[in-house]
Amino acid sequence: MKKIICFTLIACTAVTALTFTACKKKEIKSSEYEIFATYDSESRTLHGTMNFTYYNDTDNEISDLKFNLYGNAFREDAKYKPVSQSYTQSAYYSGASYGSMKVESVENCSGWNVGGEDENLLTVTLLSPVYPEENAKITVSYALELALVNHRTGVTENTVNLGNFYPVLCAYSSEGFIECPYYYCGDPYVSECADYSVTLEIPQTYTAATSGKAGKETRNGDRKKCTYTLEKARDFAMVISDKFKVESRTVGNTQLNYYYYNDANPNTNLSAAAESLEYFSSTFGEYCYPTLSVVQTGFCYGGMEFPALTMISDKLPADGTVYTIVHENAHQWWYAMVGSDQLNCAWQDEGLAEYSSLMFFENHPNYSFTRTGIVGSATKAYRAYFSVYNQIFGEADTTMNRHLSKYESEYEYSNIAYNKGLIMFDMLRQSIGDDKFISALQEYFKDNIYKLASCDNLYASFLKHGDLEGFFASFIEGKIVI
């Protein structure tokens, strides 16, 4: 995600960190989501039925499945607010508004309940345990009520954002399924790859931008049903609107679509999306999804990444739009295809996405961003943060591996995850040279595609090219002075 950060300090609540199990070398098999969703624009409600097939790729027998209910973060009585005070006005454009994700039934199970820290967790007890390499099927019916909010999930002034619109299976770690409370700071979710088949019913006047490849479309009166498929993806997201215009371009084997409603230069932004998609594919490894939707929408931050779909705020200036498109496209590599622990190591995908953006712009001088300028801006901002936090707290915490709940503010988060991450990768590149740096990222991508990569997986890709253990430790543990 790309944020525009304000200087506001807000405390977060601590949560115990979890450690991921090592990735297995065998062929990855995926769980499957089959989702049937109907959107009612008058009630701002999406009714969904989800047929879920769980494939047990762990070494343990599984008796309960746990799903994150991200839509419940928008309840009036939510413990963790999805938006900080800094962004409340830009997010809630019509004043306070609320939503929820209500589970109506779960079939083919022996019991279920909604709980977690913030009514954010659906636990389903299976009819019988699922052993390694076996599967189980359940059906979940739910209703997603949408708030009027410029956020991942909500009704904006011109669109309907449907990120996290279904119960999402929690990723599995050595300590069990990972609950993801919806902190406003960062991207508070971790998920594993699955296969998707989605049928969406919407008014005929609406156009849907989605993560999936479009299939059959049928019409009945003033409604239409559209089908989409996507394989080996961490999420499936959609944005719908009755105002969309669409520009398309083919990049390699990918159909790139730019959805917009207020853009005086759509071809410029489509070109930035196409050129960055092509550059990242040739530099890191081939983009694996058949489509990529770049979508202008209401969003209180700069942008948001999902597999094969990126949300781009309609409030950005022209150069900010281009930068955000490139940054969110980089997340197709460092988040979508190669996953990581965004709860505890946010720099791993954000720092890499920022530095990948830098690499793109230095190789495309027709845009107004340079390596010197990007590194200089990040360094200046980071030093200002360091000075401010030293004055406020006596000593700034510059460690990089910490839970989202440990950040005092979005300002601190931005400087650690984005700016310090970018500075670290630039110093690393200077240390080992361009060829080794790019080779390491190519190896990291190849070895971890479709997996949840640990920090150690990332380090290992670079340690092959030099004695760098001390280098990483100095940054991650907050020992280096920048």
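Structure shown above.
Residues numbered from 1 in each chain as written. Predicted model: local features only at pLDDT ≥ 70, side-chain atom pairs only at ≥ 80, totals over all residues. Heavy atoms only, no water.

Caption draft 1: How the structure looks around the overall build of the protein chain. Across its full length, the protein chain holds 9 helices and 24 strands. Over its C-alpha atoms the protein chain spans a radius of gyration of 21 Å, differing by no more than 12% from the 23 Å that the globule rule assigns to 482 residues. Along the first, second and third principal axes, the C-alpha set of the protein chain runs to 60 × 55 × 45 Å. Going through the 482 residues of the protein chain one by one, you find that 60% of them count as buried. Considering only contacts in the protein chain between residues 6 or more positions apart, those separated by 24 or more positions represent 72%. Accessible surface computed for the protein chain: about 18500 Å², of which carbon and sulfur atoms make up 46%. Treating the 38 positive side-chain charges of the protein chain as one cloud and the 59 negative ones as another, the clouds have centres 2 Å apart. (Helix = DSSP H or I, 4+ residues; strand = E, 2+ residues; numbered from the N terminus. Rg over C-alpha atoms; globule rule 2.2 N^0.38 Å. Buried < 20%, exposed > 50% of the residue type's maximum accessible area, 1.4 Å probe, protein only. Contact = heavy atoms within 4.5 Å. Areas by Shrake-Rupley, 256 points an atom, 1.4 Å probe, with all protein chains shown as cover. Lys, Arg positive; Asp, Glu negative; His and termini not counted. Charge placed at Lys NZ, Arg CZ, Asp CG, Glu CD.)

Caption draft 2: Summary view of the pairing of strand S15 (residues 213-220). Sparse coverage of S15 is indicated by the burial of 0 of its 8 residues. The turn joining S15 and strand S16 (residues 223-233), which pair antiparallel and follow one another in sequence, is formed by 2 residues; a positive phi near 65° is taken by Gly221. (Pairing = 2+ DSSP bridges.)

Caption draft 3: Layout of the nonpolar core. Core analysis: the largest hydrophobic core is formed by 167 residues, its most contacted members being Tyr33, Leu65, Phe165, Tyr166, Trp347 and Phe462. The element best represented in this core is helix H6 (residues 410-432), accounting for 11 residues. Apart from the residues lying within four places of it in its own chain, the contact partners of Leu65 are Phe52, Tyr54, Leu122, Thr123, Val124, Leu126, Ile138, Leu169 and Phe177. (Core = buried A, V, L, I, M, F, W, Y, C linked by side-chain atoms within 4.5 Å.)

Caption draft 4: Local environment of the packing of aromatic side chains. A complete count under the given rule lists 50 aromatic pairs for this structure. Considering the side-chain rings of Phe471 and Phe472, the 5.6 Å spacing of their centres and the 80° angle between planes classify their relative orientation as edge-to-face. Residue Phe471 is classed as buried on the basis of its relative accessible area of 17%. Across the ring face of Tyr450, the terminal group of Lys232 is positioned such that the distance to the ring centre comes to 5.9 Å. (Phe/Tyr/Trp six-rings, centres within 6.5 Å; stacked < 30°, edge-to-face > 60°. Lys NZ or Arg CZ within 6 Å of the ring centre and 35° of its normal.)

Caption draft 5: Molecular detail of the environment of Ser191. Relative to the helices and strands, Ser191 is located in the loop between strand S12 (176-177) and strand S13 (194-203). We classify Ser191 as buried; its relative accessible area is 5%. Separated by 22 residues in sequence, Ser191 and Leu169 have C-alpha atoms that sit 7.1 Å apart. In this structure, Ser191 is in contact with Val168, Ala171, Arg234, Asp235, Tyr335 and Leu452, ignoring residues within four places of it in sequence. In this structure the side chain of Ser191 is engaged in a polar contact, spanning 2.9 Å, whose partner is the backbone oxygen of Arg234. Among the polar contacts made by the side chain of Ser191, one reaches the side chain of Asp235 at a distance of 3.4 Å. (Polar contact = N/O pair within 3.5 Å; in protein donor to acceptor, adjacent residues only side chain to side chain.)

Caption draft 6: Region of the structure containing the sheet that holds strand S2 (residues 45-55). Taken together, the 7 strands give an open sheet; going across it, the order is S4-S7-S2-S1-S13-S16-S15, and neighbouring strands pair in mixed fashion. A single partner strand is all that each edge strand has here, and the edge strands are strand S4 (100-107) and S15. In this sheet, adjacent strand axes meet at a mean angle of 15° when their direction is disregarded. Two elements, S2 and strand S7 (residues 135-145), share 11 bridges in a ladder whose sense is antiparallel. From the neighbouring strand, Met50 faces S7, where its bridge partner is Val140. (Axes fitted to C-alpha atoms, helices over the stretch in contact; angles between N-to-C directions.)

Caption draft 7: Just the pattern of salt bridges, in detail. Scanning all chains against the criterion turns up 18 salt bridges. Asp434 is paired through a salt bridge with Arg429; the nearest N and O atoms lie 2.9 Å apart. You can call Arg429 buried: its relative accessible area is 7%. Connected via shared salt-bridge partners are Glu362, Arg371, Asp426, Arg429 and Asp434. (Salt bridge = Lys/Arg side-chain N within 4 Å of Asp/Glu carboxyl O.)

Caption draft 8: Examining helix H9 (residues 469-476) more closely. Within H9, burial applies to Phe471, Phe472, Ser474, Phe475 and Ile476. On its buried side, H9 packs onto helix H4 (347-362), H6 and helix H8 (455-463).

Caption draft 9: Quick look at unusual backbone geometry. Unlike most non-glycine residues, Asn108 shows phi in positive territory, near 65°. Mapped onto the fold, Asn108 is located in the loop between S4 and strand S5 (109-115). When its relative accessible area of 44% is taken as the criterion, Asn108 is described as partly exposed. One non-glycine residue, Lys232, lies in positive phi territory at about 55°. Assignment of secondary structure puts Lys232 in strand S16. Classification of Lys232 as partly exposed rests on a relative accessible area of 26%.

Caption draft 10: Summary view of the sheet that holds strand S18 (residues 245-251). The strand order across the open sheet built from 5 strands is S18-S19-S20-S22-S21, with neighbouring strands paired in mixed fashion. A strand with exactly one partner marks an edge of an open sheet, and here the two such strands are S18 and strand S21 (303-306). Neighbour-to-neighbour, the strand axes of the sheet open up by a mean angle of 15°, direction not taken into account. As paired strands, strand S19 (residues 254-260) and strand S20 (residues 291-297) are joined by 5 bridges and run parallel to one another. Paired with Asn257 across the strands is Ser293, a residue of S20.

Caption draft 11: Spatial organisation of the state of the cysteines. Applying the stated criterion to the full structure yields 0 disulfides. You can see Cys109 has no disulfide; the closest cysteine sulfur is in Cys170, sitting 16 Å from it. Of all cysteine sulfurs in the structure, the one in Cys170 sits closest to Cys180, which takes part in no disulfide; the separation is 6.2 Å. (Disulfide = S-S within 2.5 Å.)

Caption draft 12: Region of interest: the packing of helix H7 (residues 434-448) against H8. Between H7 and H8, the shortest axis-to-axis distance is 8 Å and the interhelical angle comes to 140°. One finds that H7 runs oblique with respect to H8. Crossing geometry of H7 relative to H8 is assigned as right-handed. From H7, Phe437, Ala440, Leu441, Glu443, Tyr444 and Asn448 reach across to H8, where they touch Asn457, Leu458, Ser461 and Phe462. The residue inventory of the contact of H7 with H8, partitioned by class, reads 6 nonpolar, 3 polar and 1 charged. (Parallel < 35°, antiparallel > 145°, perpendicular 65-115°, else oblique. Left-handed = near helix turned anticlockwise from the far one by under 90°. Nonpolar A, V, L, I, M, F, W, Y, C, P; charged D, E, K, R; others polar.)

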